[in-house]
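Coordinate inspection notes
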Amino acid sequence: AKGLLALAAVCGLLSLRHTDLHAVTDAFLLRHGIDPERHYTRLFIETVARVTNHHAGQIIGVGVAYGLIRLAEGYGLWRGKHWAEWFAVISAGLYLPMELVSFAHRPRPFTAGIILLNVVLIYYLGRLLARQRAERKRRLSADMKSLASVLLVLAFTAIKTSSAADAIQTEEDS
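Read on for an overview of the structure.

Cut-off values and rules
Residues numbered from 1 in each chain as written. Predicted model: local features only at pLDDT ≥ 70, side-chain atom pairs only at ≥ 80, totals over all residues. Heavy atoms only, no water. Helix = DSSP H or I, 4+ residues; strand = E, 2+ residues; numbered from the N terminus. Rg over C-alpha atoms; globule rule 2.2 N^0.38 Å. Buried < 20%, exposed > 50% of the residue type's maximum accessible area, 1.4 Å probe, protein only. Contact = heavy atoms within 4.5 Å. Areas by Shrake-Rupley, 256 points an atom, 1.4 Å probe, with all protein chains shown as cover. Lys, Arg positive; Asp, Glu negative; His and termini not counted. Charge placed at Lys NZ, Arg CZ, Asp CG, Glu CD. Patch = residues over 30% accessible without salt bridge, like charges linked within 9 Å, V, L, I, M, F, W, Y side chains within 5 Å. Salt bridge = Lys/Arg side-chain N within 4 Å of Asp/Glu carboxyl O. Phe/Tyr/Trp six-rings, centres within 6.5 Å; stacked < 30°, edge-to-face > 60°.

Moving on, we come to the overall build of the protein. Per the secondary structure count, the protein includes 7 helices and 0 strands. A compact globule built from 174 residues should have a C-alpha radius of gyration of about 16 Å, whereas the protein, at 31 Å, is more than 25% larger. For the protein, the C-alpha atoms occupy an extent of roughly 115 × 40 × 30 Å along the three principal directions. When the 174 residues of the protein are sorted by exposure, 16% land in the buried category. Summarising the internal contacts of the protein: among those between residues at least 6 apart in sequence, 53% fall at separations of at least 24. A total accessible area of about 13,300 Å² is found for the protein, and carbon and sulfur atoms account for 68% of it. Averaging the positions of the 20 positive and the 14 negative side-chain charges in the protein gives two centres separated by 11 Å.

A few words on a nonpolar patch on the surface. On the surface, Leu140, Met144, Leu147, Val150, Leu151 and Leu154 cluster together into a nonpolar patch covering about 580 Å² of accessible area. Position of Met144 among the secondary structure elements: in helix 7 (residues 109–173). Given the relative accessible area of 48%, Met144 is considered partly exposed.

Within this structure, the stated rule accounts for 1 aromatic pair. Both rings, one in Trp83 and one in Phe87, keep their centres 6.3 Å apart while their planes meet at 75°; by these two values the pair is edge-to-face. Placement of both Trp83 and Phe87 in helix 5 (residues 82–93) is noted, with a separation of 4 residues, approximately one turn of the helix. Residue classification places Trp83 among the partly exposed residues on the basis of a relative accessible area of 43%.

To continue, consider the pattern of salt bridges. Two side chains bearing opposite charge may form a pair once their charged atoms approach each other closely. Applying the stated rule across the entire model yields 4 salt bridges. Notably, a salt bridge pairs Glu37 with Arg42, separated by 3.3 Å at the nearest N-O pair. With relative accessibility at 60%, the residue Glu37 sits in the exposed group. Residues Arg70 and Glu73 are paired through a salt bridge, measuring 3.0 Å at the closest nitrogen-oxygen approach. With Arg70 and Glu73 both in helix 4 (residues 53–78) and 3 residues apart, the pair spans about one turn of that helix. What emerges from the salt-bridge pattern is a single network uniting Glu135, Arg138 and Arg139.

What follows deals with the environment of Phe103. Position of Phe103 relative to the elements: it lies in helix 6 (residues 96–105). Residue classification places Phe103 among the partly exposed residues on the basis of a relative accessible area of 27%. If we ignore the near neighbours within four places in the chain, the residues touching Phe103 are Arg108, Thr111, Ala112 and Ile115.

Have a look at this one:
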C-alpha cells in the first residue's frame, strides 16, 4: 500500500510540476476550510513555495524509487520469498542515517529511543533470518545424506539383483 501511495503522490506532484505551488497550496487550504494565516499553515505554505522545479525533480525521483522498492518488497513478502525478508531488514536500516542526522541536529530522548528501537529490531530480524538460513542448510545437508543413503541402498540392491540374475543365467546355460 505504501508503494502505491508513493507512486500516486509522485503522479500528483508531476501534474503540478509547472504551476505556481504557492497559489495551488493557498487555494487547496481555502477550499478545505483551513486558515492559511495560522502559524503552522503559513510554515507549510512557505516550505511549498521554496520548492523549485529542480527540487520537485529530485522529490519525484526519490518518490518513484521508494514506491518501486516498497512494491517489490510487498510482492516478495506476499509470495513468501526469502529474499524479500532480507530486503525488508535492509530497507528498514536505510532510515537510520536520516534518524541519526535528525538526532544530531536536535538530540532528544524520544528520538534516541526510536533510533535504539530500530537498531534492536534490525539486529533481531537479521539474527532471526541468519538462524533460519542456517537451519535450512542443516535440513538440506540432512536431506542430502538421506538421499545418498537411499541411493547407496538402491545401488547395492541393483548390484545384488544383477549378480543373482547372472548366477541364474549361468545355471540355465550349463
